[in-house]
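# Descriptive analysis of the structure
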Amino acid sequence: MTRTFPHIVVAKFGGTSVADFDAMSRSATIVLADKDVRLVVLSASAGVTNILVELSAGLDSRERLDKIETLRTIQYNIISRLKQQDAIRQEIDHLLDNISRLAEEAFTMRSAALSDALVSHGELMSSLLFVEVLRERDVETEWFDARKVIRTTDCFGCAEPVLDATAERVERRLRPRTEQALVVTQGFIGREANGQTTTLGRGGSDYTASLLGEALHAARVDIWTDVAGIYTTDPRLVSRAQRIGQISFSEASEMATFGAKVLHPATLLPAMRKNIPVFVGSSKYPSAGGTLVCRDTENPPRYRALAVRRQQTLMKLHCEQGQSACRFLADTFALLARHDVAVDSITTSETSIALILNAASATSGESRLLTTSLLTELSSHCRVEVETGLALVSLIGNSLSQAEGVCHEVFAGLEKHPVRLICHGVSRHSLGFLLPADAADDAVKALHHRLFE
Ligand code: ADP
Ligand code: ASP
Ligand code: MG
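The model shown is predicted, which means the values in this text are computed figures rather than measured ones.

The rules behind these values
- Residues numbered from 1 in each chain as written.
- Chains lettered and ligands numbered in written order.
- Predicted model: local features only at pLDDT ≥ 70, side-chain atom pairs only at ≥ 80, totals over all residues.
- Heavy atoms only, no water.
- UniProt positions renumbered as here; feature names shortened; annotations may be inferred.
- Helix = DSSP H or I, 4+ residues; strand = E, 2+ residues; numbered from the N terminus.
- Buried < 20%, exposed > 50% of the residue type's maximum accessible area, 1.4 Å probe, protein only.
- Contact = heavy atoms within 4.5 Å.
- Phe/Tyr/Trp six-rings, centres within 6.5 Å; stacked < 30°, edge-to-face > 60°.
- Near = heavy atom within 4 Å.
- Polar contact = N/O pair within 3.5 Å; in protein donor to acceptor, adjacent residues only side chain to side chain.
- Nonpolar A, V, L, I, M, F, W, Y, C, P; charged D, E, K, R; others polar.
- Pairing = 2+ DSSP bridges.
- Axes fitted to C-alpha atoms, helices over the stretch in contact; angles between N-to-C directions.
- Parallel < 35°, antiparallel > 145°, perpendicular 65-115°, else oblique.

## Observations regarding the UniProt feature "binding site: substrate" (unreviewed entry) in the chain
Within this structure's numbering, the places UniProt gives as "binding site: substrate" (unreviewed entry) are Thr49 and Glu123. For this annotated set, covering 75 residues, all C-alpha atoms fall within 8.4 Å of each other, a compact arrangement in space. Its location among the elements puts Thr49 in helix α2 (residues 48-56). Assessed through its relative accessible area of 10%, Thr49 is described here as buried. If we ignore the near neighbours within four places in the chain, the residues touching Thr49 are Ala44, Val119, Glu123, Phe188 and Arg202. Within the fold, Glu123 resides in helix α6 (residues 121-135). For Glu123, the contacting residues outside a window of four places in its chain are Leu42, Ser43, Ala44, Thr49, Gln186, Gly187, Phe188 and Ser205.

## Some details on the UniProt feature "domain: Aspartokinase ACT" (unreviewed entry) in the chain
Cross-referencing UniProt, the feature "domain: Aspartokinase ACT" (unreviewed entry) maps to residues 393-450 in the present numbering. The distance separating the terminal C-alpha atoms of residues 393-450 is 15 Å; by composition the span is 36% helix and 26% strand.

## Regarding the packing of aromatic side chains
On inspection of all chains with the given rule, the structure shows four aromatic pairs. Arranged with centres 6.2 Å apart and planes meeting at 35°, the rings of Phe13 and Phe130 form a pair that is tilted. One end of the pair, Phe13, is in strand β1 (residues 9-13); the other, Phe130, is in helix α6, with 117 residues separating them in the sequence. Between Phe13 and Trp224, the ring centres sit 6.5 Å apart and the planes meet at 15°, which makes this aromatic pair stacked. Linking Phe13 in strand β1 with Trp224 in strand β7 (residues 220-225), this pair joins segments that are 211 residues apart in sequence. As far as the burial class goes, Phe13 and Trp224 line up, both buried.

## With respect to the environment of Ser120
Looking at the secondary structure, you find Ser120 in the loop between α5 (112-119) and α6. Those residues in contact with Ser120, other than ones at most four positions away along the chain, are Arg147, Ile189 and Thr197.

## Section: the environment of Ile346
Along the chain, Ile346 falls in strand β12 (residues 345-348). Assessed through its relative accessible area of 32%, Ile346 is described here as partly exposed. The spatial distance from the C-alpha of Ile346 to the C-alpha of Cys423 is 7.1 Å, given a sequence separation of 77 residues. Each residue touching Ile346, except ones within four places of it in the same chain, is listed here: Phe333, Ile353, Ala354 and Leu355.

## Description of the site of ligand 2
Looking at ligand 2, the residues that line it are Ser43, Ala44, Thr49, Glu123, Phe188, Arg202, Gly203, Gly204 and Ser205. A distance of 2.8 Å separates an oxygen atom of ligand 2 from a polar backbone atom of Gly203. Across the shell around ligand 2, the residue classes break down as two nonpolar, five polar and two charged.

## Digging into the sheet that holds β12
The six strands are arranged β12-β13-β11-β14-β16-β15 in an open sheet whose pairing can be described as antiparallel. With partners counted over all chains shown, the strands left at the sheet margins are β12 and β15 (421-423), one partner each. The mean inter-strand angle of the sheet, taken between neighbouring strand axes irrespective of direction, is 30°. Taken strand by strand, helix α12 (residues 372-381) contacts β11 (303-318) and β14 (383-397), and its axis lies near 110° from that of β14.

## A few points about the packing of helix α4 (residues 86-108) against α6
Running from amino to carboxyl end, α4 crosses α6 at an angle of 175°, the nearest separation of the two axes being 10 Å. Overall, the two elements α4 and α6 adopt an arrangement that is roughly antiparallel. Touching Ile88, Glu91, Ile92, Leu95, Leu96, Asn98, Ile99 and Leu102 of α4 are His121, Leu124, Met125, Leu128, Leu129 and Glu132, all from α6. Residue classes in the contact of α4 with α6 are distributed as ten nonpolar, two polar and two charged.

## Quick look at the pairing of β11
Within β11, 13 of the 16 residues are buried, which leaves it mostly tucked inside the rest of the structure. Here β11 pairs with β14 via twelve bridges, running antiparallel. What sits directly across from Val308, in β14, is Val393. Sheet topology note: the β11/strand β13 (residues 352-358) ladder contains seven bridges and is antiparallel. Bridge pairing in β13 links Leu317 to Ile353.

This is the structure we're talking about:
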């Protein structure tokens, strides 16, 4: 019987929430506790994507066999706890055979498209297994291939969704399914116009959940992970970090953009567009509560959180003598645009530009930013200096560039730290500074102590 669900909730479970049979069972209980959850979006089981990324780098046959056996063990351990095992084992074996074939191809010739095809198997496997876990609870459940609806650009490893095409496909192909059964699909993966599999960058399942929430006009998107909400900084780094009860889209989005791994950087964009609240909670301790991300919050504090984005590169470009300063800026940005380099933090003087390149998010794990052709063209245009191994630490808050005393408070806490570049004044919600990567943790601890404890 077809029913309509006006308050559909999308629930996304990350890697640790589907790591093994017990984690999957806990996640299934969360899904079944809320009848409005009609769509479940899953990550690969913890550790699986990392192994697939390694395989896509091209390993020799012995290393490949080792990795594939590790993958098989993770999947078989889950299957061994199911009542009906034969059919699902065959499906998983088929996917493991695909992985093996693609990994062999990657050894002969790597490519970003091949890497995405390979890496997508993590989510394909976890979603098939989760369907079985739900069916064993007598729930009518349907497996759905997210690539049928998530249309993306062909930027393999960090594809961008094509919103119109995705919305149209969701309406036609996915919504009717959610009216018939509880639907389980994959995060992270999509398909470009020619039908090849793409991925949305590491951690991309959060983004899938909010994209699908947007297209379905969901009442809420729930992100179930291994922490009971969004904290004032990564609680793994600072044990005294405190949970934030409610946070605005803009603050949380700034946190995600500047490295708070709990949400993929783009997760909140679709939610903001449709004003869909996003809840973040722990699948292991669901009753511990969590964080609600929504449009407005009462009394937003000046200082909200600290985030770190690692794997940052500082590129300094110096104008040659005799070059016009304003042409220099214009030509440099045109050149970067031709090479598809997105720059999100920058400072300039009359004759130099310093910009931060972020290599942290692409699935294939390697920087495609500093290509030889980019460096060659830049060097013929100006003098280039590159410094790698940096981290961008950001303080997130409200009216930071208007309030008095912010810089004094922040930099007094950083006296002993070698700050390479400061970004302040453009965003009302963040103040960032670049440091050598090995100084970043210390800087966050010192600032957290000063501003939040
Ligand atoms: P999942 O696999 O569920 O997507 P992730 O590992 O991607 O989980 O994200 C959860 C992790 O994000 C936490 O374990 C925590 O270490 C990290 N994290 C970083 N910054 C924050 C923060 N401000 N609040 C909460 N968690 C954070
Ligand atoms: N499995 C992918 C990753 O590990 C996507 C995700 O977990 O969100 O990056
Ligand atoms: Mg994640």
